[in-house]
Amino acid sequence: MSDFQILIESILQLLITGVLVGALYGMMCVGLAMIFGIMRVINFAQGDFMMLGMYATYFAFGAFGIQAFFGAELGAYVAVMAAAPAMFLFGWIIHRLMIRRVTGTRTVGMEADGHYAQLILTLGIALILQNGAMILFGADLVSIRTPLSSDAWALEPFGESMPILLFFNKSRVLTALFSAVAIIGLWLLIQRTFLGKSLRAAADNAEAATYMGINVDKSHRVAFAIGTAVTAMAGGLLATNYPFSPFVGLEYVIIMYAGVVLGDIGSVIGAFWGGMLIGLIQQFSTLVLPTQLQNATIFVCFLLVVMLRPQGLFGRNVERT
């Protein structure tokens, strides 16, 4: 095989991996966009909600018999769906007991519109979740290993004319498809239902939405719960390919915020494409940089977008208030 063929094969393989990983990142970012975009809450605990989703999926897969009933291959994805309602309820309770006190109309008159209180509160929640998980689950790395995680489809796209062999990891392909279906379903919920219209109205102008009879506090609670559940599902899918510990959220929360800002703070689809772009940047950076500098490349691109196009790559070129 010539050097040119090796280069083409490397580029195509990185493109495939970037798309598959980026779809999962996109799902993480969409969960945060539901909270950050609709409620304007700077949630430092989002990565730890993802961590809880990973452990919820892990225990649902093993301890509650889903693996035994559905098998090792299908069981992991059933466990992800089983963990989602529990994480939705968890997000609902967290908002009801704590987040609602520093968001919405209650922030009127507060310094910086309550953002200081939000930062302190969500950082405190993150620390409690991290240390509580370490006490309950220990600091050892665990993962959900299925036969699909170590298996792949092989494809020769150009046949014998150019002997290039590409691999599609089965677990990552199914994870990407799961992520895409979940995001399409969420987009339809937001665009086609009365609940979705209420969420968009509460995001655009909470005061006007209140005058129109919309319960803004309840809309924010639903948005927070959905955002928690979506990110937790992304964590469960991530757990089928990567080991994790109670502090895994720290590794991904900055990536989530970068994806939301790269796409468009107020758009679910924009956040998904922002996460997809991060996956591609991560993978293609390895062509010229060591693997350890993948995230540094992301932040360089993030800073360039903030300076040159602050509304995001997929946002409308209008002034935001």
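Up top is the structure.
Here goes a summary of the coordinates provided. No experiment lies behind these values; they were computed from the predicted model shown.

Calculation criteria
Residues numbered from 1 in each chain as written. Predicted model: local features only at pLDDT ≥ 70, side-chain atom pairs only at ≥ 80, totals over all residues. Heavy atoms only, no water. Helix = DSSP H or I, 4+ residues; strand = E, 2+ residues; numbered from the N terminus. Rg over C-alpha atoms; globule rule 2.2 N^0.38 Å. Buried < 20%, exposed > 50% of the residue type's maximum accessible area, 1.4 Å probe, protein only. Polar contact = N/O pair within 3.5 Å; in protein donor to acceptor, adjacent residues only side chain to side chain. Contact = heavy atoms within 4.5 Å. Core = buried A, V, L, I, M, F, W, Y, C linked by side-chain atoms within 4.5 Å. Salt bridge = Lys/Arg side-chain N within 4 Å of Asp/Glu carboxyl O.

1. A short note on the overall build of the chain
Line of reasoning, step 1. Along its length, the chain carries eleven helices and two strands.
Line of reasoning, step 2. If you list the helices and strands of the chain from N to C, you get α-α-α-α-β-β-α-α-α-α-α-α-α.
Line of reasoning, step 3. Relative to its length of 321 residues, the chain is compact, with a C-alpha radius of gyration of 20 Å against a globular reference of 20 Å.
Line of reasoning, step 4. Along the longest, intermediate and shortest principal axes, the C-alpha atoms of the chain span 70 × 50 × 35 Å.
Line of reasoning, step 5. The 321 residues of the chain split such that 48% are buried.

2. Some words on the side chain of Asn 241
Line of reasoning, step 1. When you line up the elements, Asn 241 lands in the loop between helix H8 (216-238) and helix H9 (249-263).
Line of reasoning, step 2. A polar contact is formed between the side chain of Asn 241 and the side chain of Ser 171, at a distance of 3.1 Å.
Line of reasoning, step 3. Of the polar contacts made by the side chain of Asn 241, one reaches the side chain of Thr 240; its length is 3.2 Å.
Line of reasoning, step 4. Beyond its immediate stretch of four places on either side in the chain, Asn 241 contacts Arg 145, Asn 169, Ser 171, Arg 172 and Thr 175.

3. Quick word on the side chain of Arg 221
Line of reasoning, step 1. Tracing the backbone shows Arg 221 in helix H8.
Line of reasoning, step 2. The class of Arg 221 is buried, set by a relative accessible area of 8%.
Line of reasoning, step 3. Within the local environment of Arg 221, its side chain forms a polar contact with the side chain of His 95, the two groups lying 3.3 Å apart.
Line of reasoning, step 4. Arg 221 has contacts with Trp 92, His 95, Arg 96 and Arg 100, leaving out every residue within four places of it along the chain.

4. Comments concerning the nonpolar core
Line of reasoning, step 1. In terms of nonpolar packing, the biggest core is built from 82 residues, with Met 28, Val 30, Met 34, Met 50, Leu 186 and Tyr 252 touching the most fellow members.
Line of reasoning, step 2. No other element matches helix H1 (residues 3-39), which puts 17 residues into this core.
Line of reasoning, step 3. Apart from the residues within four sequence positions on either side, Leu 186 is in contact with Val 30, Met 34, Ile 226, Val 230 and Val 268.

5. Observations concerning the pattern of salt bridges
Line of reasoning, step 1. Summed over all chains, the structure comprises three salt bridges.
Line of reasoning, step 2. Ionic pairing is found between Asp 217 and Arg 221, a salt bridge with its closest N-O pair at 2.5 Å. Taken together, the positions of Asp 217 and Arg 221, both in helix H8 and four residues apart, correspond to about one turn of that helix.
Line of reasoning, step 3. Taken together, the shared-partner salt bridges connect Arg 100, Asp 217 and Arg 221 into one network.

6. A word on unusual backbone geometry
Line of reasoning, step 1. The backbone of Arg 40 shows a phi angle near 60 degrees, a positive value even though the residue is not glycine.
Line of reasoning, step 2. Looking at the element boundaries, Arg 40 is found in the loop between H1 and helix H2 (46-62).

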